[in-house]
Amino acid sequence: MPFERAEGRMLRAFTLPGLDGSPIDTFRFRGWQPLIILFHAGAACAPCAELLRGLAADAARIEAEGAQIVSVSAGAGPNDRALAEALAPHVLTLFDPAESASRTQGFGLPSLIITDRYGEIFAFWQPDAEQALPSVEDVYGWLVWIEAQCQACTTVNWAKVGQ
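Structure report, in brief.

Conventions adopted
Residues numbered from 1 in each chain as written. Predicted model: local features only at pLDDT ≥ 70, side-chain atom pairs only at ≥ 80, totals over all residues. Heavy atoms only, no water. Helix = DSSP H or I, 4+ residues; strand = E, 2+ residues; numbered from the N terminus. Areas by Shrake-Rupley, 256 points an atom, 1.4 Å probe, with all protein chains shown as cover. Disulfide = S-S within 2.5 Å. Buried < 20%, exposed > 50% of the residue type's maximum accessible area, 1.4 Å probe, protein only. Pairing = 2+ DSSP bridges. Contact = heavy atoms within 4.5 Å. Polar contact = N/O pair within 3.5 Å; in protein donor to acceptor, adjacent residues only side chain to side chain. Arc of directions from axis to C-beta. Phe/Tyr/Trp six-rings, centres within 6.5 Å; stacked < 30°, edge-to-face > 60°.

As a further point, take the overall build of the chain. Of the regular secondary structure elements, the chain holds six helices and eight strands. When its helices and strands are written in sequence order, the chain yields β-β-β-β-α-α-β-α-β-α-β-β-α-α. Per element, the accessible surface of the chain, about 7800 Å² overall, is 54% carbon and sulfur.

Evaluated as defined, the whole model comprises one disulfide. Residue Cys-45 pairs covalently with Cys-48 via a disulfide, S to S 2.2 Å. Taking the torsion about the sulfur-sulfur bond, which here is approximately 55°, the covalent link between Cys-45 and Cys-48 counts as right-handed. The two residues Cys-45 and Cys-48 agree in class, both being buried.

With six of its six residues buried, strand S8 (residues 120-125) lies for the most part within the structure. Between the end of strand S7 (residues 111-115) and the start of S8, which pair antiparallel, lie four residues, with Gly-119 showing a positive phi angle near 95°.

In this section: the environment of Gln-33. Locating Gln-33 in the fold gives a position in the loop between strand S3 (23-25) and strand S4 (35-40). By relative accessible area, which is 23% here, Gln-33 ends up partly exposed. Sequence-wise, Gln-33 and Glu-63 are 30 residues apart; in three dimensions their C-alpha atoms are separated by 9.6 Å. Apart from residues no more than four positions distant in its own chain, Gln-33 is found in contact with Gly-66, Ala-67, Gln-68, Asp-116 and Arg-117. Of the polar contacts made by the side chain of Gln-33, one reaches the backbone oxygen of Gly-66; its length is 3.4 Å.

A separate point is helix H3 (residues 78-87). All buried positions along H3 are accounted for by Asp-80, Leu-83, Ala-84 and Leu-87. For H3, the arc enclosing every buried residue in end-on projection is 100°, short of the 170-degree limit, so these residues lie on one face. Seen from the buried face of H3, the exposed residues on the opposite side, beyond 90 degrees, are Pro-78, Glu-85 and Ala-86.

The next subject is the packing of aromatic side chains. Summed over all chains, the structure comprises five aromatic pairs. Seen in terms of ring centroids, Phe-14 and Phe-39 are 5.9 Å apart; in terms of plane orientation they differ by 50°. Their pairing is tilted. One end of the pair, Phe-14, is in the loop between strand S1 (3-10) and strand S2 (15-17); the other, Phe-39, is in strand S4, and 25 residues separate them in sequence. Pairing Phe-107 with Phe-124 gives two aromatic rings, centres 4.7 Å apart and planes at 35°, and the pair type is tilted. Taken together, the positions of Phe-107 in the loop between helix H4 (100-105) and S7 and Phe-124 in strand S8 put the pair 17 residues apart, joining distant regions of the chain. The buried category is assigned to Phe-107, whose relative accessible area is 5%. Here the aromatic residues Phe-14, Phe-39, Phe-107 and Phe-124 are joined through ring pairs into a cluster of three or more.

The following block contains the structure:
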């Protein structure tokens, strides 16, 4: 399943340890920030690390849309921690060696989702042999589209999309 529009499905909140070991509950973002979440096997997933580095490099634009980038890493070794440190502060890394968060959502690894500020999943990618993870531009385009919606009625503000 390379790409799927997933409107109507809500992200189940989860709590995982961050880089400093303290628990972070994704529910704290609900109502405040759209999320770009990459569930992945860790630094050994080269395409995942490349996408995360690209998103971190484009953090100014992403953060201007009010979004938070989240890396959920099943790896917890020294290379995984080094990647998390290199991506901070623009990418919030959570460690999930048991893959409980992705399994709870029903996702395999790697998977990328983009939610609106209320936790509704609007875009979902799970790469396969024929399809790669999306580009940073594709992720940003979805984020702009999601954020262009009227918060009260979900009607798209097409003038904002065209910017």
